[in-house]
Amino acid sequence: MNNQSLRQAAAALFPGGVNSPVRSYRSVGGDPVPVARGQGAIVEDLDGRRYIDYVGGFGPAILGHAHPAVTAAIAEAAAEGLTFGALGPREVALADAIRAATGLERLRFLNSGTEATMTAIRIARAATGRELVVKFDGCYHGHSDGLLVRAGSGVATLGMSDSAGVPQAIAGLTAVLPYNDSDALAAWFAAHPADTAAVIVESVPANVGILRPDPAFLAALQSLPRQHGALLIADEIITGFRLTRGLSGMLPAADLVTLGKIIGGGLPIGAIGGPAALLGLLAPEGPVYQAGTFSANPAVMAAGLATLQQLTPEAYTRLETIARHLENGLQVAIKRTGAAATVVRLGSMLSLFFLPAPPRDYTDARRADTAAFARFHRAMRDRGILIPPSQFETWFVSLAHNESEIDATVRAAAEALTEALPA
Ligand code: PMP
C-alpha cells in the first residue's frame, strides 16, 4: 500500500474516506497525509515521506509519538490482559496522580471527551433539577446532541444545531453566548435567573484556534452561575496537563472539570472530576446513570500514568522555551513577508491566524482568510511540515520537538507565508 492506494481503499470504506471529519483535509484541499508511524516529533506517511508534526494527535501527544516509557507501559499492561470489566490497580494509580496534580476530589474515567462533557451536564441537571445549558460560540465540547449547537450570531437565543439529526427539542435546551462577553452572560442570567443547570466553557478555547480569555470574563464565569444556582463546568480536555502539571488555573472555581487527551497518553480517554458530593450523584452511588465496557481500561491507564510521570515542572519549562522559540520565529517570518497573519500562543498551544490581530471571539476568528490558510497549509506540507488541516485547529508543540526542528519549521513558514499571500 502507498498513500494513494490507502486513500482509495479508505474512500470506499469510510464516509469522506476518514473516521473523523477534519482528517479529510476538506478545509485545506489536497490529499490528506496518511500516517503509517510516528517517532518523537516526526511522522511518516506510507510513501516514506517524513514530516515534523504539529498535529500531535489533536492534543494528546505531549511527549511526542511512541515515547518508550509509554509504549513499554502499554506493552506491560497488555501482557497482563486487556479488559476485565473489573476494578484494577492502574485506574487507582492514575486517579491518585491526577488528584495530586489537580486537587480534584473524585473522578470518573470514561472513553472520550465527548462522554465526559455529556455526563458532566447530566450530573449538573440532576444536581440542580434544571434543564438549560449555556455554552459559548465556537467552544467545542464533543459531539453529543445537546452540545452540537451553534451561535445565533452573538445573540443570546436558544440554539439550533449545526448537525442534522439533532432534535430541536434537545438543541433548544442549549443557549449559545458570545465568548469573552461578560455582559451577554449577565443578560442571560437576568433573563433566566432560575432555570440554568450549567455553564460549560473551554478553559482556553482552542477549537477555533486559540482565543485568549479575558480576565473579567473568567471572573464573571466564576461568579454569575454560582449566584444563580447553576454549575460551572470547565472543559480542560485540551488544557489539562497541557499548560501546567494539572489544570490550567483559568477557572479555579469550576464545580466540575472534564479531562481527556493527555491523561490517556495517546489512548482513548475522558474523565470527569469534582467534589465528592457531585461525583457521588453517579451510579451506583447516586441516580445519574453512566457506564462503559472499556472505562478505565488497563492499557489506557498505563499509558496515562507513564505520560504523567514524564510531566515534571522542568518539562513545562522546556515546552515553554521551545514553543516560544517557534512563536518568535513565526513572528519574524510574518513581519518579513508582510503577511496579514497573527500568532497566538499559550504554552505549547499555538495558532497562526490569517487575521491582522488576535481574535477575541468566534465572530472575529471566522473572519480569518481560510483560503490563505489553505495555501499556507499546502506549502508547509510540501516542505515536510504537518500542521493541523484547518485554520481553526490548534498546533501542539511536544517535548520531542528540538531546536533544529523548530528552526526548519520557521524557515518553511517564511516561504509558505509568501506562497500564501493573496496573488
Ligand atoms: N472538549 C474539547 C475542548 C475538545 O477539544 C474535544 C476534542 N477535540 C472534546 C471535548 C471531545 O473529545 P473527544 O474527541 O475525545 O470526544
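Residues numbered from 1 in each chain as written. Predicted model: local features only at pLDDT ≥ 70, side-chain atom pairs only at ≥ 80, totals over all residues. Heavy atoms only, no water.

1. Considerations on the sheet that holds strand β13 (residues 385-386)
- Taken in spatial order, the 4 strands make up an open sheet running β1-β2-β3-β13, and their pairing is mixed. Of all strands in the sheet, those bounded by a partner on one side alone are β1 (37-39) and β13.
- Bridge analysis of β1 against strand β2 (residues 42-44) gives 3 bridges, and the strand direction is antiparallel. Along β2, the bridge assignment pairs Arg37 with Glu44. (Pairing = 2+ DSSP bridges. Helix = DSSP H or I, 4+ residues; strand = E, 2+ residues; numbered from the N terminus.)

2. Some words on the side chain of Thr394
- Mapped onto the elements of the fold, Thr394 is located in the loop between β13 and β14 (395-396).
- For Thr394, the side chain forms a polar contact with the main-chain oxygen of Ala206, separated by 2.8 Å.
- Contact partners of Thr394, with chain neighbours within four places excluded, come to Tyr54, Ala206, Gly209, Ile210, Met349, Leu350, Ser351 and Pro388. (Polar contact = N/O pair within 3.5 Å; in protein donor to acceptor, adjacent residues only side chain to side chain. Contact = heavy atoms within 4.5 Å.)

3. Description of the packing of aromatic side chains
- Within the structure shown, the criterion is met by 9 aromatic pairs.
- Between Phe136 and Tyr179, the aromatic rings sit 6.3 Å apart at their centres with planes inclined by 85 degrees, giving edge-to-face as the arrangement. Of this pair, Phe136 sits in strand β5 (residues 132-136) while Tyr179 sits in the loop between β6 (174-177) and α6 (182-191), placing them 43 residues apart in sequence.
- Exposure remark for Phe136: the relative accessible area of 0% places this residue in the buried category.
- Aromatic side chains Phe376 and Trp395 sit 6.5 Å apart centroid to centroid with 20 degrees between the ring planes, which places their arrangement in the stacked category. Of the two residues, Phe376 is situated in helix α12 (residues 370-382) and Trp395 in strand β14; the sequence distance between them amounts to 19 residues. (Phe/Tyr/Trp six-rings, centres within 6.5 Å; stacked < 30°, edge-to-face > 60°. Buried < 20%, exposed > 50% of the residue type's maximum accessible area, 1.4 Å probe, protein only.)

4. Remarks on the layout of surface pockets
- Looking at the second largest pocket, its volume works out to about 890 Å³.
- When contributions to the lining of the second largest pocket are tallied by element, the ones reaching two or more residues are α3 (89-102), β4 (106-110) and α9 (298-310).
- No other element matches α3, which puts 7 residues into the lining of the second largest pocket.
- For the lining of the second largest pocket, the residue count by class is 18 nonpolar, 10 polar and 9 charged. (1 Å grid on protein atoms, 1.4 Å probe; cavity = no way out; pocket = protein on both sides within 12 Å on 5 of 7 lines; lining within 4 Å. Points joined across faces, edges and corners; volume = space filled by probe spheres on them. Nonpolar A, V, L, I, M, F, W, Y, C, P; charged D, E, K, R; others polar.)

5. What to know about the sheet that holds strand β11 (residues 342-346)
- Across the sheet, which stays open at both edges, the 3 strands sit in the order β11-β12-β14 with antiparallel pairing between neighbours. Looking along the sheet, the strands with just one partner apiece sit at the ends: β11 and β14.
- In the sheet, strand β12 (residues 349-353) pairs with β14 via 2 bridges, with the strands oriented antiparallel. Of the residues in β14, the one forming a bridge with Leu350 is Trp395.
- Across the sheet, helix α10 (residues 313-337) is in contact with β11, β12 and β14; its angle to β11 comes to roughly 170 degrees. (Axes fitted to C-alpha atoms, helices over the stretch in contact; angles between N-to-C directions.)

6. Thoughts on unusual backbone geometry
- Residue Pro284 follows Ala283 across a cis peptide bond; omega there is 10 degrees.
- Tracing the backbone through its elements, the reader meets Pro284 in the loop between α8 (276-279) and α9.
- Phi angles above zero are rare outside glycine, and Tyr25 is one such case at about 65 degrees.
- Within the secondary structure layout, Tyr25 lies in the loop between α1 (3-13) and β1.
- Not every positive phi belongs to a glycine, and Ala296 is a case in point at roughly 60 degrees.
- Inspection of the secondary structure assignment puts Ala296 in the loop between α8 and α9.

7. Some details on the confidence of the model for the chain
- Residues at a pLDDT of 70 or more form 97% of the chain, whose mean pLDDT is 95.
- The low-confidence segment residues 151-157, where pLDDT is below 50, has 10 contacts with residues more than four positions distant or belonging to other chains. (pLDDT = per-residue confidence, 0-100.)

8. So, α3
- End to end, α3 covers 20 Å across 14 residues, agreeing with the expected 20 Å (1.5 Å per residue, within 8%).
- Listing the buried residues of α3 in full gives Arg90, Glu91, Leu94, Ala95, Ala97, Ile98 and Thr102. Buried residues of α3 fall within an arc of 160 degrees about the axis and therefore sit on the same side. Residues Pro89 and Ala100 are exposed on α3 and point more than 90 degrees away from its buried face.
- Looking at the buried positions of α3, the neighbouring elements they touch are α2 (68-79), β4, β9 (256-260) and α9.
- A positive backbone phi angle near 80 degrees is found at Gly103, which sits one or two residues after α3. (Expected span 1.5 Å × (residues − 1). Arc of directions from axis to C-beta.)

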